[in-house]
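Inside the fold
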Amino acid sequence: MALTLAAAIFLPLFPFSIVLNGMLMRLSNPYARFLLLLLWPQIGIVALSFTNQAIPGYMVIWALISSAHYALRLLTIRDLGLWAGFLASSSLALTWGLAAHHAPIEMHFFALWFSLPAALLTLLTGPLVKRFGAAYAGLYGGLASSMPRLSILLVVTVFAAIATPPSPGFFAMLNLLQRQSWPAAAAVSIIWLFWSWAATKLLQGFVFGADRRHGMPDLGRKSTLLYMSVLCAFVVTGIYITGGAL
Amino acid sequence: MKCALGTRLRIRAMAHVAGEPIPNFWPMRTFIHHNPLYGLEHMPFQKAVEEGERLFHGSGHLPRATYQRYLAQKKIDLGTLSSQIERFIANQPHIPGVDLPRLLNTLATKISEPLSIHLSVADAKDIHAELKGKALPQTEVMNDWLKEKLKSEIPPTRPVYAIVDELFGTEIGMSLDELVIKSCLDFFDEGQSVWQMPGREQGLFRAWSALAQQNLRLFIRGLHVKNILGADDTPEGIISHVMTELGVPEDAWLDYFTCELTRLHGWAGFIRWRSGAKHYHWSRNFPAGMVDYLAIRLVLGLALLREHAQSKGTPASLPDLMRLIDERPAEIYLRREFHGGHVLPVLAREVEEAICSDSESRISRLMPTYLARKRAQEARHYAARLHSLADMAGMLKHIEQLGTLEFNQLLEILMRFEKDEGQMWLNAQETHFMSRLLADLDLASQKPREKRPFAQVMFCIDVRSERIRRHLEKVGDYQTYGIAGFFGIPVGFIGLDKGSETQLCPVVVSPKNLVLELAIARNPEEQALASVLEQVFHELKASIVSPFITVEAIGMLFGLDMFGKSFAPLAYNRWRQRLHPERLDSRLLLDKLSREEADSIIRSLQRAMIVKAIGRDLGIEREAITDEMIRELRETALGNHSGPTVFAHQFKLNAQTEHNFLDRLQRVYRINSGYTQIQLERLGRIGFTLDEQVHFVSQALRSIGLTKDFSRFVLLTGHGSTSENNPYESALDCGACGGNHGIVNARVLAQIANKPTVRERLREQGIEIANDTWFIPAFHNTTTDELKLYDLSLLPPSHLVYLERLNNGLRAASRLCAAERMPTLNDSSHAENPAEAYRHAQRNSMDWSQVRPEWGLSRNASFLIGRRHLTEQLNLDGRVFLHSYDYRCDPKARLLENILTGPLVVGQWISMEHYFSAVDNIHYGSGSKVYHNVAGLFGVMTGNLSDLRTGLPAQTVLKNGEPYHEPMRLLTVIEAPFEHAKQAIEGVVKVRNLVHNGWVRMAIADPETGAFYIFEEGAWQLWDAHKKDLREKEIAA
């Protein structure tokens, strides 16, 4: 049981999820945040693999409630780093849905498909903070016209993070839905819908509208290419591993 | 319940005055170029621009970086810019050790971004300390200072919901605009919707309030408009009630109303125009005024405020807001910073958390940190820019060493300079253009022609005519003239198959005469299958059920249409045009009806009505009654006969039935003396008397100086455009014809001028039109450059032999014009051969994906009133309105006054519309066409709901995001003796004010002395080109 509860810290379930989000808030270095988000859930899955007992049914309900809680909170979050953390908290909690079916490999990949885009989002906070002082939606806006490269990366990463096809998260979510009872599947679908809503609000605050801070330089070509390569590799690998459209 | 008459009148007057700064907005079908700051034309240009910035949030000048680019391209007169800066400095305090001319010249020409930023906390001392690298002086922010600052920045004239939005991040203003726009779309619809709003004939406010009180969606949203509307029956009473509820002091109501009305100034401008357009069918049937509109906004605004107050605890009135500022100034300050978009990004999260926590202690703890960092950031930001400027000007040390007082003065000077700088650049840009144009004008006397030209061609003064005139003069023996495109004849026109009148004249004129178009040979049953099918498809598209039942059946046809229009627009449209029947040959009814003729027409109409009434009301067939009975009934209905009628006796009608029938004839069928008089007056509008005909021809010819040496052909060329899928099509048509094609006016004048009786009378006045002269109407299609002749069936046989030569010449000019114009539309710089360019232009006019079929009047810059030989040798690049005028034919300057009153004023509207659409396309223009949607068949909106877009689209004035139209005020040049021209300018009050207030730059070219005069700095000055050249050389050195 102790291991299960320890796993609840790493595959964050509220209120244990406060640990992950607290650490993300305190870490100002984007690379540190990136690594934290990438590794944190994998530790939880490893911890779960050491438990010999079956995952109790209430844990899945707890995970759904926790995930829904963070999905709702996402709607009001404007700080990109925090948004990425909350989205990861919401999506990684759903890993418990697979844990109940004893599928450790799938769990590792499920966590990766959601933690990697969220981690990549935290990397994008770096250039935004450097240029504007904060990665905060609604403060400057209009990045589409002033910083098209950064905008494209932001949009694609956010889409990947909320499991939009053809990102691996999408196929992972389909797999998850197939394995759930219909009430749980309905709950997961609603949570998924909230992610999309929150993503629309976030992108509205960053990418669209009038550019209020003129003259900011866009991302360099090399950084853009590197970042885009990682995203492409992520998508291609994901399609290969998840089997694409199943 | 009704409020007192005095209050109602006061509110009505206030709404009227509050709406005055808003320019009228004409429906898109007859797009009228207008000055977006027309309501502020009583002010000097610069002041009006500042007021426009306050009211419409639009910028009145280009960004400095664009002017700097113009400077690099040698489109700016550097000497004028420097002298403007010197003049500015002359009114500023002297700062020892600072070379202000050098500093300001450096700022203007070397620094692209504005220096001044809004300083909310930092002051000159902080910036000075930062510049010197020292710590900022210690200060303490007092609550009283904060309260005072907040109250001064939140005036009671701002709508309460706008303040609430700024402090609480609500979106009441946006919701309100959406609700108002939806209501306006419902009410003002002119046929786009299949289901119409009920009760529109009662007027905007009444129709809306009847519907709003039963609107379930409003009720579900928590907007209890019924409670508010119950307070009074009249819109004025409702306005008074809402303003009292909002707690806005009465002396602030006027400005409050202006803020409300300017928020959606497109809709307000349309309602303003509509309420004054008495001839407009839709406004006559469905009246609406500013008071109605204002009342609707206020009711919905109050309902939204109350709903938010209830659900989110936000204040619902001005006193509540002021109380909040008094009680919690720090929180309000932080709220305003956060929701107003001014928050320091680095502290954004802390601020958001603090204001959401509603904890006073947390806010108190954050406030000093926030203010200190904000102050430091502002000071650092400003100091960095100032450092860069001072360094570039080589004055860093001097500025650092300034005392506090001097440094403060310097910052104030810099701020004032940046406020006035746009006007300095504009003056310098205009001076450059003016000096080039004036220097090129040929003031030498005209050499007499050896023989009369092959043809004389009158074109509209439109800048697009300049190119084709130039090419026509080059290809053959053509003499061209410029005249306002309505040829001086204001015409109300009812075309074939049209039931309503179109006014073909500048909007400042109301036509007295009506012209009817009549078909020569007409078979009403002849209608091409294609037209019928088109009508069927159109109705299917408009129906809400057709998508469910017809897509499978006829969807493919629409698909074919789409492919044809998209991939082969030229061939496909030509094929489609062949399916339509040829337009019927027609004549215009131009002569006045005599009294007898008019009486006879009315008599026959009334007789037909009586026969119809007898059949419908009494069921008696025509064969049972006689003409005499009808005559007697008519006379009785008109009151010319009393007593029982033979008709009643014959059909045994009792007195009561007879009385009722006669009453219906008078009321329902309008057979009464009053209506007969109205019909007589209406018939009296048809046609022109002989005197009028002679007057109009004489005036047109005299105004352009054509009174002798007439050619065999005199072409009267109206113009218009053709484009597909373009709501702005009429913006490309003739402005002098009220945004319509100019061919009708050309036909009217030609038909009149060809009359022997008219020519005889003209001869008596000294205008000798040769016997073989024939006036031919023609049409210049400005999109394709095609010149087409009309009414050729009237041409005398003796002229037919010359027709081929005439057509050849016109075609050659068209092609050459297209070859000159097309490279400006394409991104490719290579020149096309004339035939290729001509085909390309035709494709443009038929391509429904083409967002820029032509440049229209873009790049217009000047208005020249004078003889053609002044500019005959110049390539004016389609930038100059050319109005022919020979002062020798106008000893009393009356014709010149007419030109100034009509064409010049219209030219100034066109110029200002382009100016403001180019300098700030978002606020004064209409943004990109790509997002436009037609609204109610009278306007366009961006997206599905927005303000009516009033200016020109980006595709008309911008190219690749930068101004293609070089925004300048209209430079008017009059070729006439100085006193003669000055007398005319001073004689037309409107024009005098435009000149004195700087809305128009005015120059006079005196052909008798060879001198130029310009109106500058409030007085006429002799233009010394030589002195100016010297000054430029000095600066260059």
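Provided above is the structure to which this section pertains.
Every value quoted in this text rests on a predicted model; they were computed, and no experiment measured them. (Residues numbered from 1 in each chain as written. Chains lettered and ligands numbered in written order. Predicted model: local features only at pLDDT ≥ 70, side-chain atom pairs only at ≥ 80, totals over all residues.)

**What about the overall build of chain B?**
To keep it simple, the criterion reads: Only DSSP runs of H or I covering at least 4 residues are called helices, and only runs of E covering at least 2 are called strands; the numbering of each starts at the N terminus. This radius of gyration counts C-alpha atoms alone. The globule rule is 2.2 Å times how many residues there are, raised to the power 0.38. To sort residues by exposure, count the other C-beta atoms lying within 10 Å of each residue's C-beta; 20 or more gives buried, 12 or fewer gives exposed, and values between give partly exposed, all with C-beta atoms placed from the backbone. A residue pair is marked as a contact if its C-beta atoms, positioned from the backbone, fall within 7 Å.
Summing up its helical and strand segments, chain B has 42 helices and 19 strands in all. The C-alpha atoms of chain B give a radius of gyration of 34 Å, which matches the 31 Å a tight globule of 1037 residues would have. Along the three orthogonal principal directions, the C-alpha set of chain B runs to about 105 × 80 × 60 Å. For chain B, the proportion of its 1037 residues judged to be buried stands at 43%. Considering only residue pairs separated by 6 or more positions, chain B has 72% of its internal contacts joining residues 24 or more positions apart.

**Here's the deal with the overall build of chain A**
Helix and strand counts for chain A come out as 12 helices and zero strands. The globule rule puts the C-alpha radius of gyration for 246 residues at 18 Å, and the 18 Å found for chain A is close to it. The principal-axis extent of the C-alpha atoms belonging to chain A is close to 60 × 35 × 30 Å. A total of 246 residues make up chain A; the buried ones form 46% of that total. Long-range pairs, those at least 24 residues apart, make up 81% of the contacts in chain A with a sequence separation of at least 6.

**Structural notes on the packing of helix α13 (residues 235–246) of chain B against helix α17 (residues 290–312) of chain B**
All names here are of chain B. What counts is decided by this rule: Helix axes are fitted only over the stretch in contact, all axes being lines through C-alpha atoms; the angle between N-to-C directions runs from 0 to 180 degrees. Left-handed describes a crossing whose near helix is turned anticlockwise from the far helix by less than a right angle; the clockwise case is right-handed. When residue character is reported, Ala, Val, Leu, Ile, Met, Phe, Trp, Tyr, Cys and Pro are called nonpolar, Asp, Glu, Lys and Arg charged, and the others, Gly included, polar.
In the contact formed by α13 and α17, the axes pass within 9 Å of each other and the chain directions differ by 35°. Here α13 and α17 pass one another in a crossing that is left-handed. Contacts from P235, E236, I238, I239, V242, E245 and L246 of α13 reach α17 at V291, D292, L294, A295, L298, V299 and L302. Its residues assigned to classes, the contact of α13 with α17 shows 11 nonpolar, no polar and three charged.

**Examining the interface of chain B and chain A**
How big an interface is tends to be expressed through the accessible area that disappears when the partners come together. Facing the eight residues of chain B at the interface are eight residues of chain A. Broken down by class, the residue content of the side of chain B that touches chain A amounts to five nonpolar, one polar and two charged.

**Topic: the pairing of strand β5 (residues 513–519) of chain B**
Put simply, the rule is: DSSP-based pairing: two strands are paired if at least 2 bridges between them are found.
The pairing of strand β3 (residues 491–494) of chain B with β5(B) spans four bridges and is parallel. Paired with V491(B) across the two strands is N513(B), which belongs to β5(B).

**So, the environment of W26(B)**
Residue and element names in this part refer to chain B. Mapped onto the secondary structure, W26 falls in the loop between α1 (5–18) and α2 (45–56). Residue classification places W26 among the buried residues on the basis of 24 C-beta atoms within 10 Å. Along the chain, W26 and F651 lie 625 residues apart, while their C-alpha atoms are 55 Å from each other. Setting aside chain neighbours within four positions, we find W26 in contact with F31, I32 and W273.

**A short note on helix α19 (residues 329–339) of chain B**
Residues and elements named next belong to chain B. Across the 11 residues of α19, 11 count as buried, placing the element largely inside the fold. Within the sequence span of α19, burial applies to P329, A330, E331, I332, Y333, L334, R335, R336, E337, F338 and H339. Here the buried face of α19 lies against α7 (143–153), α8 (160–168), α18 (318–327), α20 (348–357) and α21 (360–392). Downstream of α19 by one or two residues, G341 has phi in the positive range, about 80°.

**Points about helix α1 (residues 2–10) of chain A**
Residue and element names in this part refer to chain A. Which entries qualify depends on this criterion: Picture the helix axis, draw a direction to every C-beta atom, and the arc is the one those directions span.
Along α1, the residues that are buried comprise A7, A8 and F10. The buried residues of α1 occupy an angular sector of 160° when projected down its axis, which confines them to one face. Opposite its buried face, α1 presents the exposed residues A2 and L5, each directed more than 90 degrees away.

**A word on the sheet that holds strand β1 (residues 455–460) of chain B**
Residue and element names in this part refer to chain B. With mixed pairing, five strands are arranged side by side in an open sheet as β2-β1-β7-β8-β9. Looking along the sheet, the strands with just one partner apiece sit at the ends: β2 (478–483) and β9 (787–789). Averaged over all pairs of adjacent strands, the angle between their axes in this sheet comes to 30°, without regard to strand direction. One ladder, built from six bridges, connects β1 with β2; its direction is parallel. Residue C460 lies in a different strand from β2, and its bridge partner there is I483.

**Some words on the environment of N993(B)**
All names here are of chain B. Tracing the chain through its elements places N993 in helix α41 (residues 989–996). By the C-beta count within 10 Å, which is 13 here, N993 ends up partly exposed. The sequence separation of N993 and M43 amounts to 950 residues, and the corresponding C-alpha distance is 9.1 Å.

**What about the pairing of strand β19 (residues 1019–1022) of chain B?**
Residues and elements named next belong to chain B. The pairing of strand β18 (residues 1012–1016) with β19 spans four bridges and is classified as antiparallel. Its bridge partner lying in β19, I1014 is registered against Q1021. The loop that links β18 with its antiparallel partner β19 comprises two residues; one of these, E1017, has a positive phi angle of about 55°.

**A short note on the nonpolar core**
To be explicit about the condition: Linking buried Ala, Val, Leu, Ile, Met, Phe, Trp, Tyr and Cys residues through C-beta atoms within 7 Å yields a set, and such a set is a nonpolar core.
The biggest cluster of nonpolar side chains holds 328 residues, and the ones touching the most others in it are L74(A), L294(B), V299(B), V697(B), L716(B) and L749(B). Per-element tally for this core: the top contributor is helix α7 (residues 104–132) of chain A, with 15 residues. Apart from the residues lying within four places of it in its own chain, the contact partners of L294(B) are A15(B), I239(B), F257(B), E260(B) and L261(B). Counting residues in each nonpolar core, the second largest holds 10 residues, with I625(B), L633(B), L665(B) and I671(B) among its members.

**Considering the sheet that holds strand β11 (residues 880–884) of chain B**
Within a beta sheet, neighbouring strands are joined by backbone hydrogen bonds and run either parallel or antiparallel to one another. All names here are of chain B. With respect to topology, six strands assemble into an open sheet ordered β11-β10-β16-β17-β18-β19, the strand pairing being mixed. Each edge of the open sheet is held by one strand with a lone partner, namely β11 and β19. For this sheet, the mean angle separating the axes of adjacent strands, direction not counted, is 20°. Pairing of strand β17 (residues 1000–1005) with β18, which is carried by three bridges, proceeds in the antiparallel orientation. The residue of β18 that forms the bridge with I1004 is Y1013.

**Section: the packing of helix α33 (residues 690–703) of chain B against helix α34 (residues 743–753) of chain B**
When two helices pack together, their arrangement is given by the angle between the helix axes and by the axis-to-axis distance. All names here are of chain B. To be explicit about the condition: Angle categories are assigned with fixed cut-offs, so that under 35 degrees is roughly parallel, over 145 is roughly antiparallel, 65 to 115 is roughly perpendicular, and the rest are oblique.
Packing of α33 against α34 brings their axes to within 10 Å, and their N-to-C directions diverge by 105°. Classified by the interaxial angle, the pair formed by α33 and α34 is roughly perpendicular. Across the interface between the two elements, Q693, F696, V697 and A700 from α33 touch L749, I752 and A753 from α34.

**A few points about unusual backbone geometry**
Note: most residues except glycine have negative phi, and most peptide bonds are trans. Cis geometry is adopted by the peptide bond preceding P15(A), which originates at F14(A) and carries an omega value of 5°. The topology assignment puts P15(A) in the loop between α1 and α2 (17–26). A positive phi angle is found at R670(B), which is not glycine, with a value near 55°. Mapped onto the secondary structure, R670(B) falls in the loop between α31 (655–667) and α32 (673–685). Here the phi dihedral of R859(B) falls at roughly 75°; this positive angle occurs in a residue that is not glycine. Of the residues examined, R859(B) has 21 C-beta atoms within 10 Å and is grouped as buried.

**Describing the environment of D251(B)**
As for its position among the elements, D251(B) is in the loop between α13 and α14 (253–263). Distance in space between the C-alpha atoms of D251(B) and G39(B) is 22 Å, their sequence separation being 212 residues.

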